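# Report on the structure
This is what each chain is made of:
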Amino acid sequence: MSMSDSDSSSYVGDYKSFKQICRERLLHEMLRSTKTGDSISTWKVLIMDKLTVKIMSHSCKMTDITNEGVSLVEDIYKRRQSLPTMDAIYFIQPTRENVIIFLSDMSGKTPLYKKAFVFFSSTISKELVTDIKKDAKVLTRLGALREMNLEYFPIDSQGFITNNDQVLEELFGDEENNHKGVSSLNVMAKRIATVFASLREFPSVRFRAAKSLDETTMTTFRDLIPTKLAAEVWDHLVKYKKSIPNFPQTETCELLILDRSIDQIAPVIHEWTYDAMCHDLLNMEGNKYVHEVPSKPGGPIERKEVLLEDHDPIWLELRHAHIADASERLHEKMTNFISKNKAAQIQHGSNGEMSTRDLQKMVLALPKYNEQIDKLSLHVEIAGKINRIIRESGLQELGQLEQDLVFGDATTKDVIRFLSMKEDMTCENRLRLLMILASIYPEKFEGEKGLNLMRVWFLFYRVAKLTEEDMSVVHNLKMLGVQPVAKKKMTTAFGLKFDIRKKKKKRAARKERLDEEEKWQLSRFYPIIEELIEKLTKNELSKEDYPCLNDPSPSYHGSPLFGSVNQNPHSMRSRRTPSWARSRSSEDGYSSDSVLRHASSDFRRMGQRIFVFIVGGATRSELRICYKLTEKLKREIILGSSSLDDPAQFIMKLKMITTHELSLDDIQI
């Protein structure tokens, strides 16, 4: 019986992805480890709580669990049938309620199960351990008692969330009552720390420092969110160094803790990649998409639910591509498929260039090939829907204005003119445009600054045709700490200021990245974290604005941290072949780059990992940047956040922030 995180070394060797390590810990380190003694060949019951069942579902499928000898999955909070001939595996949080239920299950003369293997998702208190040890009968029925230290949700090979969906309301809401905020930070810190316990990584911890406007301004709880979170994560890590076998004693990676105040534009601007467009424009539930497929020749169309996830090679190839690029690649794949299949050639005929609709019609007319081109037809349909929505909604023009605003090529007047002309624009798109404007020009939306600015509020309300609730979302942006973009002053060598109106520079929230040539229109925008990560790797990130909680040891500075390759990684767990080490060539018209079937056995090692955690929700554009920089910097970048939000979700959460309600009755025109 062990009370520590497993010290299994089965992960050293081949490189595995962040998500793959989590999956193997659950299946091998936890479930498979119960096959000992008289429990080797017996079927078992898996008992979980609401949190751990989500953790399991993010990493494993039911077939994976069944293959490890689990025949039944139960909810610990529900009344369960007595199965005295079967062993039980408990994967639960170390709460008093859960421990009481477990003791009730296994104590007395007639326990619910023959033997119990107990795995806690995080560190259990000494008091609760004492409670378990008090019952002698329970101790004799224990097969294992361990801390898995795995309380995060891997949403991607390079991304995880802590599942704190109400963070914006709890941390950025009512300043006078921050008890919920403190509790939220405690939970978040514990879950972040389990990421490093699980991977056997010990980070140097950096965070966004609080910024006061001047010496007379009091620092608020909101200002200190990254600081407080960094301190709490550090407390957990120090305990891990003492309690977990083989946990690194020197720094092996970097952790940068930020909050949503660093970039309010990324959550609402239209991101033009395939992944972002799917989740922004289509009515998807998570990664679930309803696909229309033919049942039989001449028969009705059936609706089939599919998951857009890592097991789909075409999704892996296209998800971070610009929607125009994704459409072109799909067209090439279908053309390649037709050239290799005579039946498809006959169906297509000689009509020349095919549109997306033509491809869809051809797929529906060839149900014989559904098994072979099922995934390709799925993405042809999705791309067709997205392109149609873009065309019918006039999103290209809106997207151009959004990016012009961000890069200083448009002003408030351009927004008002655009809103006045586009009467058929959806309320959500109008609201998102105003939110971008408010992020760049926050002073125009400060009602407290006088009657003139309140009139601006009324003007936007009238022109944008939004409700008071919608406008409260724009107003609530200031709760995230929106700061105006600084204007540059024209000065001469003598320090004299000149007001050169004709050459006046418009305000920009981003600098043009001249070192990168973008092939596709509307792909100029980039999230702020791209700049921060690049500066971090070059050791150019301001230590005043982003201080380090722990000074890295000399051996850390001597490691190849800033090099492209790390030949001796300190992490006790390993990684798979990174995306930048894979070929992008495709050998057929319907599979992808053959990534899954022809993965190279030559695993290339990367430099030490960089973890970036954003309090308040991350975006798909930020996740994309982590993949991009992993390839560019040859270091695995892992993005963590309290949640992964699409624009509509972010807007809804902003509405929930407790703040002074702005009423149009206050405005006198």
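Just above, that's the structure.
Now for a description of the structure that goes with this document. Bear in mind that the values here come from a model prediction, so they are computed numbers and not experimental data.

Conventions adopted
Residues numbered from 1 in each chain as written. Predicted model: local features only at pLDDT ≥ 70, side-chain atom pairs only at ≥ 80, totals over all residues. Heavy atoms only, no water. Helix = DSSP H or I, 4+ residues; strand = E, 2+ residues; numbered from the N terminus. Contact = heavy atoms within 4.5 Å. 1 Å grid on protein atoms, 1.4 Å probe; cavity = no way out; pocket = protein on both sides within 12 Å on 5 of 7 lines; lining within 4 Å. Points joined across faces, edges and corners; volume = space filled by probe spheres on them. Nonpolar A, V, L, I, M, F, W, Y, C, P; charged D, E, K, R; others polar. Pairing = 2+ DSSP bridges. Axes fitted to C-alpha atoms, helices over the stretch in contact; angles between N-to-C directions. Parallel < 35°, antiparallel > 145°, perpendicular 65-115°, else oblique. Expected span 1.5 Å × (residues − 1). Buried < 20%, exposed > 50% of the residue type's maximum accessible area, 1.4 Å probe, protein only. Phe/Tyr/Trp six-rings, centres within 6.5 Å; stacked < 30°, edge-to-face > 60°. Lys NZ or Arg CZ within 6 Å of the ring centre and 35° of its normal. Salt bridge = Lys/Arg side-chain N within 4 Å of Asp/Glu carboxyl O.

### Side note on the side chain of threonine 273
Assignment of secondary structure puts threonine 273 in the loop between β9 (253-259) and α10 (274-281). If we skip the residues at most four places from it in the chain, threonine 273 touches Arg319, His320, Ala321, His322, Ile323 and Arg624.

### A look at empty space enclosed by the protein
Tallying each qualifying case throughout the model produces 6 cavities of 30 Å³ or more. Counted as a void, the largest cavity has a volume near 110 Å³. Lining of the largest cavity is provided by Ala266, Pro267, Ile269, Glu271, Ala276, Asp280, Thr619, Arg620, Ser621, Asp645, Asp646 and Pro647. When contributions to the lining of the largest cavity are tallied by element, the ones reaching two or more residues are α10 and α23 (620-633). Across the lining of the largest cavity, the residue classes tally to 5 nonpolar, 2 polar and 5 charged.

### Observations concerning the sheet that holds strand β5 (residues 142-147)
Here we have 5 strands laid out as an open sheet, ordered β2-β1-β3-β4-β5, and parallel in their pairing. Each edge of the open sheet is held by one strand with a lone partner, namely β2 (70-75) and β5. The mean angle between the axes of side-by-side strands here comes to 15°, regardless of whether they run parallel or antiparallel. Pairing between strand β3 (residues 87-92) and strand β4 (residues 116-120): 5 bridges, direction parallel. Across the sheet, the residue bridging to phenylalanine 91 is phenylalanine 119, located in β4. Running at roughly 135° to β3, helix α1 (residues 18-31) makes contact with β1 (44-48), β2, β3, β4 and β5 of the sheet.

### Overview of the packing of helix α18 (residues 427-440) against helix α24 (residues 647-655)
Running from N to C, α18 and α24 cross one another at 70°; their axes reach a closest spacing of 11 Å. By the angle class used here, α18 and α24 are roughly perpendicular. Packed against α18, whose contacting residues are Glu428, Leu431, Arg432 and Met435, the element α24 presents Pro647, Ala648, Phe650, Ile651 and Leu654 at the interface.

### What to know about the packing of helix α4 (residues 96-106) against helix α5 (residues 126-134)
One can describe the packing of α4 onto α5 by two numbers: an axis separation of 11 Å at closest approach and a directional angle of 10°. Compared by their axis directions, α4 and α5 come out roughly parallel. Taking contact as the criterion, the partners of Arg96, Val99, Phe102 and Leu103 in α4 are, on α5, Glu127, Leu128, Asp131 and Ile132. Here the residues of the contact of α4 with α5 are counted per class, giving 5 nonpolar, no polar and 3 charged.

### Describing α18
In this model, α18 (14 residues) spans 20 Å end to end at C-alpha, consistent with the 20 Å of a helix rising 1.5 Å per residue. The buried fraction of α18 amounts to 12 of the 14 residues, a majority that puts the element mostly inside the structure. Along α18, the positions that sit buried rather than exposed are Asn429, Arg430, Leu431, Arg432, Leu433, Leu434, Met435, Ile436, Leu437, Ala438, Ser439 and Ile440.

### What to know about helix α21 (residues 528-537)
The element α21 is largely enclosed, with a buried count of 8 among its 10 residues. Inspection of α21 places Ile528, Ile529, Glu530, Leu532, Ile533, Glu534, Leu536 and Thr537 among the buried residues, and these make up the whole buried set. Looking one or two residues past α21, asparagine 539 carries a phi angle of roughly 60°, positive in sign.

### Topic: the sheet that holds strand β6 (residues 153-156)
Here we have 6 strands laid out as an open sheet, ordered β6-β7-β13-β12-β9-β8, and mixed in their pairing. This sheet does not close on itself; its edge strands, each paired only once, are β6 and β8 (203-207). In this sheet, adjacent strand axes meet at a mean angle of 25° when their direction is disregarded. Pairing of β8 with β9 involves 5 bridges; the strand directions are parallel. Across the sheet, residue arginine 206 finds its bridge partner in β9, namely leucine 256. Where α1 meets the sheet, its contacts fall on β6, β7 (159-161), β12 (607-615) and β13 (635-641), and the angle it forms with β6 comes to roughly 140°.

### Here's the deal with the packing of aromatic side chains
Scanning the entire structure with this criterion turns up 12 aromatic pairs. With a centroid separation of 6.2 Å and an interplanar angle of 65°, the aromatic rings of phenylalanine 202 and phenylalanine 247 are classed as edge-to-face. Of this pair, phenylalanine 202 sits in the loop between α8 (179-199) and β8 while phenylalanine 247 sits in the loop between α9 (225-243) and β9, and the two are 45 residues apart along the sequence. Over the ring of tyrosine 526 we find arginine 510, and its NZ or CZ is 5.9 Å from the ring centre.

### A look at the environment of leucine 142
In this structure, leucine 142 sits in strand β5. Sequence spacing of leucine 142 and lysine 115 is 27 residues, and the spatial spacing of their C-alpha atoms is 5.9 Å.

### Looking at the pattern of salt bridges
Summed over all chains, the structure comprises 38 salt bridges. Measuring nitrogen to oxygen at the nearest pair gives 2.7 Å for the salt bridge that ties aspartate 263 to arginine 510. Linking aspartate 263 in the loop between β9 and α10 with arginine 510 in the loop between α20 (468-476) and α21, this pair joins segments that are 247 residues apart in sequence. A cluster of three or more residues bridged by salt bridges with shared partners is formed by Glu317, Asp325, Arg329 and Lys333.

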